[in-house]
Structure formats: C-alpha cells, structure tokens
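# Coordinate inspection notes
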Amino acid sequence: MSVSTLASAPSVCAPLPVLGRDVTVPLVTGGEVAYAALDYAASAPALQRVWDDVAAYAPYYGSVHRGAGYLSQLSTDLFENARRTVAGFLGCREDDQVVFTRSTTDSLNLLAAALPADCQVFVFETEHHASLLPWRDARVTYLDAPRSPREAVETLERALADRDPYGPALVCVTGASNVTGELWPVRELAAAAHAHGARIVLDAAQLAPHHPVSVADLDVDWVAFSGHKLYAPFGSGVLAGRADWLRAAEPYLAGGGASRKVSRRQDGGVDVAWHDSAARHEAGSPNVIGAYAVASACKALTEAGFDSLVAREQHLVRVVRDGLADVPEVRFLSLFGDDAPRVGVLSFVVEGWNSSHFAAALSAEYGIGVRDGLFCAHPLLRTLLGSDPQAQGECGSPESEPGEKSLNAIRVSFGAGTPDEHVERFVRAVKELVTDGAQWNYRTEDGRCVPDTSA
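Structural notes, computed from the coordinates. (Residues numbered from 1 in each chain as written. Predicted model: local features only at pLDDT ≥ 70, side-chain atom pairs only at ≥ 80, totals over all residues. Heavy atoms only, no water.)

### Here's the deal with the overall build of the protein
On a plain count of helices and strands, the protein comes out with 13 helices and 19 strands. Compactness check: the protein gives a C-alpha radius of gyration of 23 Å against a globular reference of 23 Å for 455 residues, within 12% of the reference. Over its C-alpha atoms, taken along the principal directions, the protein stretches across nearly 80 × 55 × 50 Å. The buried share among the 455 residues of the protein stands at 55%. Entry remark: accessible area of the protein is about 19200 Å², with carbon and sulfur atoms responsible for 50%. Averaging the coordinates of the 38 positive side-chain charges in the protein and doing the same for the 57 negative ones gives two points 6 Å apart. (Helix = DSSP H or I, 4+ residues; strand = E, 2+ residues; numbered from the N terminus. Rg over C-alpha atoms; globule rule 2.2 N^0.38 Å. Buried < 20%, exposed > 50% of the residue type's maximum accessible area, 1.4 Å probe, protein only. Areas by Shrake-Rupley, 256 points an atom, 1.4 Å probe, with all protein chains shown as cover. Lys, Arg positive; Asp, Glu negative; His and termini not counted. Charge placed at Lys NZ, Arg CZ, Asp CG, Glu CD.)

Here you go:
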C-alpha cells in the first residue's frame with residue numbers, strides 16, 4: 001500500500017491508554033481542568049503499556065555485550081531482541097541494519113557522517129531541520145516546496161537528471177510533514193531516486209507513529225524515527241536500512257563497543273579494528289531501556305492495528321476541520337490542498353491574532369496544550385505564510401528577526417491516545433476565542449506569551 005493512500009478501516013478504536021491522561025492543570029480564570037495534550041507532533045505521551053514494560057524490566061537492568069553475569073546476559077538478549085522487533089515493525093530487508101540512536105536528528109547526522117566522498121544530497125526546503133541541516137560536509141541541492149505530490153516527484157527527477165558530475169547521491173524526504181501533516185509520495189520518490197542512481201532516506205518521525213512503514217514495500221534505503229514521537233520516553237531513536245555505507249564509514253563515535261580489537265604498535269601508536277555490525281555506530285554503553293521502550297511501542301501499535309488507529313485519527317481530523325469550517329478567521333496551512341491525505345497534524349493561523357497569543361490563551365484559559373512558532377521548519381513556514389516587513393509584533397512575537405515579528409503559526413496534533421473530548425474542547429475554545437476574545441491579559445516574558453498576573 002502506498003504511503004500516499006490512507007488505509008480504509010472498518011471501525012474507530014478507543015484511545016490507547018497513555019501516561020498523563022488524568023493530569024489536571026490550573027486555569028488562570030480559576031479552577032482546574034483535565035489537561036488536553038494536543039502537541040503529539042512534538043512529543044507523544046508514553047503508552048501505559050510501554051511504561052509498564054519498562055518498569056517491569058528496570059530491576060533487571062544491566063550493561064550489555066560486556067558482562068558475564070545473569071543481568072548483563074538478560075539485558076543483552078533484551079537489547080538485541082528489541083533490534084529484531086524494530087526491524088520487523090519497519091519491514092526491513094534481511095541484510096538491513098538497525099542502529100539505535102538518540103533521536104531522528106541523531107540518526108540523520110549519523111547517516112550524514114557515513115556518506116561516501118563527493119556524495120550529493122537532495123532535500124526539499126519543506127523538511128524539518130533534523131533532515132534539512134545535517135548534510136554540512138556534502139554538496140547539497142535544496143529543492144523548492146512542491147504544491148502537489150506529482151510536482152514533488154517531477155522536481156526531484158529534474159534535479160537528479162541535471163546533477164553533474166554523476167556520482168553517489170542521496171535524497172532525504174519526509175513521510176509526513178510535521179507542519180501540515182500531509183503524506184508525501186514516498187514510494188514514487190524512491191522510484192525516481194533509484195532510477196537516477198541515487199539512494200533515499202525517509203524521515204519517518206511523523207509517519208511511523210500514525211501509519212504503517214515498510215522499508216521493503218516503500219523501497220527506501222534508510223528510515224529514521226524518534227522514540228519520543230512513537231509513544232516511548234525521550235532519548236531513543238532508530239536508523240534502519242542498508243549496511244554498506246554504514247560499514248564503510250568511520251564510527252560515528254569512537255570508543256568501547258564500536259571497537260572489535262585494539263592493539264599497540266611498535267611505534268607507540270594504536271591500531272583499531274572496528275565492528276562491521278550495527279555496534280560500529282553504537283559506541284559506549286547503549287540506552288538499553290530506550291531501545292526496549294521503542295520495541296515495546298512497536299509491539300503495542302502493531303497489536304492495536306494500524307487500520308483502526310488510522311480510522312480513529314482521521315475521525316479526529318474531521319472533527320477539527322468540520323468544526324472550524326464555519327470560522328472564516330481560521331486558515332489551515334497546506335502544500336497539497338485541504339483534501340490531501342494527512343496524519344493527525346494540522347497547522348493554522350487566526351486572522352487578527354498573533355499565534356503565540358492564541359496558543360497562550362488556549363493553555364491558560366482552557367487547559368489545552370498546542371504548539372506555536374515555526375516548528376523547526378523555518379523555510380517551509382516562510383513559504384506558507386510569507387512575512388510583512390512592516391508587521392508589528394504582538395504578545396509573544398520574536399524580536400530577534402526584524403521583519404518577521406508576526407511570522408508564526410499554531411499547530412494542533414494528536415494520535416492514538418487522544419480522547420474525543422480533548423479535540424472537541426479545542427474546537428469550542430477556538431470558536432470562543434475568535435468570537436469573544438481572551439478573558440485575560442497577556443504579556444511577553446522570556447520570548448513567550450504568558451498570562452499577566454501582576455495586577
């Protein structure tokens with residue numbers, strides 16, 4: 001199944017249990033309310049199942065690959081089984097490697113460090129900074145934002161056909177935009193890359209938590225994602241895919257674990273033989289709990305069934321889009337059009353409001369957590385929003401970039417653990433703020449818009 005086509009689902013499942021679902025927060029207007037976490041695109045709450053698995057393992061914590069003791073052996077088995085679980089979750093090919101990292105950013109920087117000499121990288125300006133910026137030692141071609149999936153493929157094909165000299169090349173592309181939520185034509189882009197002798201890495205940070213990802217089916221060379229967006233705790237990530245460039249590269253970090261043999265030379269120097277396995281790029285004591293948590297999340301999502309999860313998420317997208325369809329002040333941001341398939345990520349601006357002010361009011365007066373700003377995708381937001389050099393800043397507007405004081409947006413995002421009530425409350429709150437305005441005064445503090453409690 002193509003990533004550009006959403007799975008059809010027979011029913012909408014109940015939200016999966018997540019940590020924080022019973023947390024209450026104070027309102028500036030008085031009282032408390034259950035917190036509505038609608039910032040999944042930044043960090044999704046950990047699944048209760050994942051947390052329980054980690055807690056059950058914690059007493060058996062031990063170093064891996066190095067100890068003869070029972071707990072070390074147990075932890076080593078758990079760590080390597082986690083690697084196999086992730087490989088299965090991603091539909092990896094038999095000879096692919098799964099490397100555990102800290103995050104998507106770390107994964108893509110690892111791949112950037114493993115590029116062969118004279119490699120040319122092609123990346124759309126629409127990418128998250130994690131996939132836009134790591135390629136500092138390569139020749140990079142930045143591609144303009146496409147306005148349709150077909151244009152994305154055609155733009156890439158032209159760029160690859162025109163490259164000179166013809167040599168190693170890598171395409172980096174997102175699976176789902178962290179700004180608009182729109183699904184990208186990954187399989188078609190992979191086919192275009194391979195037709196022109198290039199490889200492709202998929203940034204699946206926003207795709208893997210919402211939609212099935214198969215390395216083999218999509219025919220991508222690598223995939224990267226973060227555990228903290230996949231309902232696992234912070235500090236773990238994955239780079240999975242072809243082994244040859246990774247084996248040929250110097251270790252990402254030099255140290256124990258990456259080295260297979262170290263010996264002194266007669267001249268006083270040191271000779272090192274590095275591992276050819278994934279351990280080559282996992283120097284130091286690995287984050288065993290992080291890897292186990294990611295594997296647990298992979299199992300939980302697989303067992304819940306992506307058909308049902310996708311159906312639930314699309315139901316919530318419709319609640320937001322339909323609920324705000326009659327509010328002309330709200331403008332959703334999109335590259336491919338309002339009807340483009342997307343995951344549960346929506347960004348918008350509200351006429352007459354600075355986005356930081358609006359997001360602060362949602363939090364302080366309704367207990368709703370969203371994101372405002374440029375979402376670590378500055379070129380894309382500038383393309384979608386533009387900037388009036390004469391625009392005056394409002395509450396929360398950044399002062400560091402003259403001419404861009406009002407350039408920000410609001411992002412609402414949700415997933416497998418989001419209750420209907422949270423999204424319905426969000427829709428009501430947006431309508432009330434647009435119609436009646438904020439009930440409280442706000443001021444800028446340390447670059448953020450916050451309720452003014454000085455009176």
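Anyway, onward from the coordinates.
### A closer look at the packing of aromatic side chains
Overall, the coordinates contain 10 aromatic pairs when judged by the stated rule. For the ring pair Trp222 and Trp245, a centre distance of 5.2 Å and an interplane angle of 35 degrees mean the geometry is tilted. Residue Trp222 is located in strand β9 (residues 222-226), and its partner Trp245 is located in helix α8 (residues 244-248); the two are separated by 23 residues in the primary sequence. Taken as a pair, Trp222 and Trp245 share a single burial class, namely buried. Members of the aromatic cluster, connected to one another through ring pairs, are Phe124, Trp184 and Phe336. The ring of Tyr166 carries Arg163 above its face, with NZ or CZ at 4.0 Å from the centroid. Between the NZ or CZ atom of Arg321 and the centre of the ring of Phe332, over which it lies, the distance is 4.6 Å. (Phe/Tyr/Trp six-rings, centres within 6.5 Å; stacked < 30°, edge-to-face > 60°. Lys NZ or Arg CZ within 6 Å of the ring centre and 35° of its normal.)

### Some remarks on the environment of Val327
Positionally, Val327 belongs in the loop between α10 (306-323) and β13 (330-332). The buried category is assigned to Val327, whose relative accessible area is 8%. Residues Val327 and Gln73, spaced 254 residues apart in sequence, show a C-alpha to C-alpha distance of 59 Å. When neighbours within four sequence positions are excluded, Val327 is seen to be in contact with Lys431 and Val434. (Contact = heavy atoms within 4.5 Å.)

### Digging into the nonpolar core
Formed by 85 residues in total, the largest nonpolar core has its most connected members in Val86, Leu90, Leu156, Leu202, Phe225, Leu230 and Val238. In terms of residue count, helix α9 (residues 288-304) provides more of this core than any other element does, 9 residues in total. Not counting the four nearest positions on each side in its chain, Phe225 is found in contact with Val86, Leu90, Ser103, Thr104, Ser107, Ala204, Ala205, Ala208, Leu230, Gly237, Val238 and Val294. In terms of nonpolar packing, the next biggest core, distinct from the first, is built from 34 residues, Val330, Trp353, Ala364 and Phe426 among them. (Core = buried A, V, L, I, M, F, W, Y, C linked by side-chain atoms within 4.5 Å.)

### Brief notes about the sheet that holds strand β8 (residues 199-203)
The 7 strands lie next to each other as β4-β10-β9-β8-β7-β5-β6, forming an open sheet whose pairing is mixed. Single-partner strands in this sheet number two, and they are β4 (97-101) and β6 (139-143). Each strand axis lies, on average, 20 degrees off the axis of its neighbour in the sheet, ignoring direction. With 4 bridges connecting them, strand β5 (residues 120-124) and strand β7 (residues 169-174) associate as parallel partners. (Pairing = 2+ DSSP bridges. Axes fitted to C-alpha atoms, helices over the stretch in contact; angles between N-to-C directions.)

### Considerations on helix α13 (residues 420-436)
Helix length check: α13, at 17 residues, gives a terminal C-alpha distance of 24 Å against a target of 24 Å (1.5 Å per residue), a fit within 8%. Those residues of α13 not exposed but buried are His422, Val423, Arg425, Phe426, Val427, Ala429, Val430, Leu433 and Val434. Among the residues trailing α13, Gly437 stands out with phi positive, at a value near 80 degrees. (Expected span 1.5 Å × (residues − 1).)

### Brief notes about the packing of helix α5 (residues 149-161) against helix α6 (residues 186-195)
Orientation of α5 relative to α6, taken along the N-to-C sense of each, is 15 degrees, at an axis distance of 9 Å. By the angle between their axes, α5 is roughly parallel relative to α6. For the pair α5 and α6, the sense of crossing is right-handed. Taken together, the residues of α6 that come into contact with α5 (itself represented by Ala152, Val153, Leu156, Glu157 and Leu160) are Glu188, Leu189, Ala192 and Ala193. Its residues assigned to classes, the contact of α5 with α6 comprises 7 nonpolar, no polar and 2 charged. (Parallel < 35°, antiparallel > 145°, perpendicular 65-115°, else oblique. Left-handed = near helix turned anticlockwise from the far one by under 90°. Nonpolar A, V, L, I, M, F, W, Y, C, P; charged D, E, K, R; others polar.)

### Focus: a nonpolar patch on the surface
A cluster of nonpolar side chains, contributed by Tyr60, Tyr70 and Leu71, occupies part of the molecular surface with about 340 Å² of accessible area. Structurally, Tyr70 can be placed in helix α2 (residues 70-89). Its relative accessible area of 62% is what places Tyr70 among the exposed residues. (Patch = residues over 30% accessible without salt bridge, like charges linked within 9 Å, V, L, I, M, F, W, Y side chains within 5 Å. Salt bridge = Lys/Arg side-chain N within 4 Å of Asp/Glu carboxyl O.)

### Quick word on helix α11 (residues 355-366)
Taking 1.5 Å as the rise per residue, α11 with 12 residues should run 16 Å; its terminal C-alpha atoms sit 16 Å apart, in good agreement. Across the 12 residues of α11, 11 count as buried, placing the element largely inside the fold. All buried positions along α11 are accounted for by Ser355, Ser356, His357, Phe358, Ala359, Ala360, Ala361, Leu362, Ala364, Glu365 and Tyr366. A distance of 2.9 Å separates the backbone nitrogen of Ser356 from a side-chain oxygen at the start of α11, and that oxygen is part of Asn354. Positive phi shows up at Gly367, right after α11, with a value of about 70 degrees. (Polar contact = N/O pair within 3.5 Å; in protein donor to acceptor, adjacent residues only side chain to side chain.)

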